[in-house]
Amino acid sequence: MKHVYTLLTVLAFLHFQSASADQPVSLSVKQGKVVLEKELDLDINDKGAYEILRMWAKDNYGRDPFISSVRYDNLGKFITAKSRIELLLPPDSKNVREKVVMRYRVDASIVNGKCVISFREMSYLYENPLKPDFLPKISKAEDLITDQALSLDDSQSELRSNIRKSTLYFVNQTCQELDLKLHGK
């Protein structure tokens, strides 16, 4: 029985160690604007990491100029991309899945053994022919996904909550994908 308990303790410890590496992005409001950011630890030198970051940015943001664009700062080891994606929201209380288009800017830099990635300038395009006046055609993240916006109790509460969930899921998945690339996986 002691061996089983020890084994479970070791497995739990390993799980929590790996879970800390996969911590979700932090959502903050800086100068009145929503910023989602995460720091990724690097196992390789900054120069090698920047080359991987450049290739990742080219693959994800440099292929279709109608959807996204990317700029590189090779001296500063920094990339900036603007893009858009259609988010499929979780089912609402009526089991309906809505879609919104999110426009965003992503900045990533390699500094002192870390990759700092941040998402900002997010806006959402919501079109539902059944609810034409439900939300403005384009809404800023500050009006939809902040704690303050989620604390409002009105007919749009569930929609705002689902938009935040989908946004955080997308950003976490993107950061996780970049982290895997930076670690050669």
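Summarised in this report is the structure supplied together with it. (Residues numbered from 1 in each chain as written. Predicted model: local features only at pLDDT ≥ 70, side-chain atom pairs only at ≥ 80, totals over all residues. Heavy atoms only, no water.)

We now examine unusual backbone geometry. The phi dihedral of Lys77 falls on the positive side, at around 50 degrees, and the residue is not glycine. With respect to the element layout, Lys77 can be found in the loop between strand E3 (69-73) and strand E4 (78-88). According to the relative accessible area criterion, Lys77 is partly exposed, its value standing at 25%. Although it is not a glycine, Asn95 adopts a positive phi angle of roughly 65 degrees. Of note, Asn95 is situated in the loop between E4 and strand E5 (99-111). (Helix = DSSP H or I, 4+ residues; strand = E, 2+ residues; numbered from the N terminus. Buried < 20%, exposed > 50% of the residue type's maximum accessible area, 1.4 Å probe, protein only.)

Moving on to the packing of helix H2 (residues 46-61) against helix H5 (residues 157-182). When two helices pack together, their arrangement is given by the angle between the helix axes and the distance between those axes. At a minimum axis separation of 9 Å, H2 and H5 run at an interaxial angle of 135 degrees. Judged by the inter-axis angle, H2 sits oblique to H5. For the pair H2 and H5, the crossing hand works out as right-handed. Within the contact between the two elements, H2 uses Ala49, Ile52, Leu53, Trp56, Asn60 and Tyr61 and H5 uses Thr174, Glu177, Leu178, Lys181 and Leu182. In terms of residue class, the contact of H2 with H5 is made up of seven nonpolar, two polar and two charged. (Axes fitted to C-alpha atoms, helices over the stretch in contact; angles between N-to-C directions. Parallel < 35°, antiparallel > 145°, perpendicular 65-115°, else oblique. Left-handed = near helix turned anticlockwise from the far one by under 90°. Contact = heavy atoms within 4.5 Å. Nonpolar A, V, L, I, M, F, W, Y, C, P; charged D, E, K, R; others polar.)

Under the counting rule described, the total for this entry stands at 12 salt bridges. Two residues, Asp41 and Lys114, come together in a salt bridge whose shortest N-O distance is 2.5 Å. Linking Asp41 in strand E2 (residues 33-41) with Lys114 in strand E6 (residues 114-125), this pair joins segments that are 73 residues apart in sequence. The structure contains a network of salt bridges with shared partners spanning Lys82, Arg105, Asp107, Arg120 and Glu121. (Salt bridge = Lys/Arg side-chain N within 4 Å of Asp/Glu carboxyl O.)

This part takes up the pairing of E4. Alignment of E3 against E4, held across five bridges, turns out to be antiparallel. Among the inter-strand pairings, Arg71 is bridged to a residue of E4, identified as Thr80. Joining the antiparallel neighbours E3 and E4 is a turn of four residues, in which Lys77 adopts a positive phi near 50 degrees. Pairing between E4 and E5: 11 bridges, direction antiparallel. Within E5, the position partnered with Ser83 by the bridge is Tyr104. (Pairing = 2+ DSSP bridges.)

Here we take up the pairing of strand E1 (residues 26-30). Two elements, E1 and E2, share five bridges in a ladder whose sense is antiparallel. Looking at E2, one finds that Lys30 is bridged to Lys33. Connecting E1 to the antiparallel partner E2 that follows it, the hairpin turn spans two residues, and Gln31 within it adopts a positive phi of roughly 55 degrees.

We now examine the environment of Gly62. In this structure, Gly62 sits in the loop between H2 and E3. Taking relative accessible area as the criterion, Gly62 reaches 45% and is therefore assigned partly exposed. Counting along the chain gives 21 residues from Gly62 to Ser83, while the straight-line C-alpha distance between them is 9.8 Å. If near-sequence neighbours (up to four positions away) are discounted, Gly62 is found in contact with Ala57, Ser68 and Val70.

Between its first and last C-alpha atoms H2 spans 21 Å; for 16 residues at 1.5 Å apiece the expected length is 22 Å, and the two agree. For H2, the secondary structure elements touched by its buried residues are E3, E4, E5, E6 and H5. (Expected span 1.5 Å × (residues − 1).)

Attention now goes to the packing of aromatic side chains. Enumeration according to the criterion identifies five aromatic pairs in this entry. Between Trp56 and Tyr61 the ring centres are 5.8 Å apart and the planes differ by 75 degrees, which places this aromatic pair in the edge-to-face class. For Tyr61, a relative accessible area of 3% translates into the label buried. Between Tyr61 and Tyr104, the aromatic rings sit 6.3 Å apart at their centres with planes inclined by 75 degrees, giving edge-to-face as the arrangement. With Tyr61 in helix H2 and Tyr104 in strand E5, the pair connects residues that are 43 residues apart, well separated along the chain. The same class applies to Tyr61 as to Tyr104, namely buried. Connected via pairs of aromatic rings, a cluster forms that spans Trp56, Tyr61, Tyr104, Phe119 and Phe170. (Phe/Tyr/Trp six-rings, centres within 6.5 Å; stacked < 30°, edge-to-face > 60°.)

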